[in-house]
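Residue strings, one per chain:
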Amino acid sequence: MKLPYLLTILAATSLLSGCFETRKNTDQLCENEPKLNCSSLNINDGQCRVARTDLIWHRNEMLNDPSEANQVKDYHLLKEYRKCLELASQIQPIEQADLKSKRFNALMYSIEEQDRITRELANSTSPETLYFLWSETGSHAA
């Protein structure tokens, strides 16, 4: 009685595992898409992994759809990543001396990217984008 049950479970799990074989991981994505600029995001740091991964995968989506709405989402993902980095950059690593400077460089990159997005969206006429600029950046022109 247990053998048919185990065979069914084994067959189901092997079929399901085949569904995920084409899914890339973040490291593969960064290797295949240099436009994502993953090296500026301190990719090998254990801190801020979730926020960084969300940002990288969203930027991959933006390669196909660079809309204003996606730029606004990119800004918000950068904001989350930046918030995490601000805390992580205060951690003094014991074994990796250069990790603190890499975190700081990634923090500066996220700030520069937020500024770039704000500049790119400054001439928008979209009500949603103008509201974003007014509410997030305090732009009086928006």
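Everything below is about the structure printed above this text.
A. Structural context of the environment of glutamine 114. Within the element layout of this structure, glutamine 114 appears in helix H5 (residues 99–121). Residues glutamine 114 and leucine 77 lie 37 residues apart in sequence; the distance between their C-alpha atoms is 9.7 Å. Leave out the neighbours within four places in its chain, and glutamine 114 touches Tyr75, Leu78, Lys79 and Arg82. At 2.9 Å, the side chain of glutamine 114 and the side chain of arginine 82 are in polar contact.

B. Molecular detail of the pattern of salt bridges. For the structure shown, the criterion picks out nine salt bridges. Residues lysine 83 and glutamate 80 are paired through a salt bridge, measuring 3.5 Å at the closest nitrogen-oxygen approach. One end of the pair is lysine 83 and the other is glutamate 80, both in helix H4 (residues 68–88) and three residues apart, which spans about a single turn. Owing to a relative accessible area of 43%, glutamate 80 belongs among the partly exposed residues under this scheme. With a shortest N-O distance of 2.9 Å, glutamate 113 and arginine 116 are connected by a salt bridge. Taken together, the residues span about one helical turn, with glutamate 113 and arginine 116 both in helix H5 at a distance of three residues. The buried category is assigned to glutamate 113, whose relative accessible area is 12%.

Definitions and limits used
Residues numbered from 1 in each chain as written. Predicted model: local features only at pLDDT ≥ 70, side-chain atom pairs only at ≥ 80, totals over all residues. Heavy atoms only, no water. Helix = DSSP H or I, 4+ residues; strand = E, 2+ residues; numbered from the N terminus. Contact = heavy atoms within 4.5 Å. Polar contact = N/O pair within 3.5 Å; in protein donor to acceptor, adjacent residues only side chain to side chain. Salt bridge = Lys/Arg side-chain N within 4 Å of Asp/Glu carboxyl O. Buried < 20%, exposed > 50% of the residue type's maximum accessible area, 1.4 Å probe, protein only.

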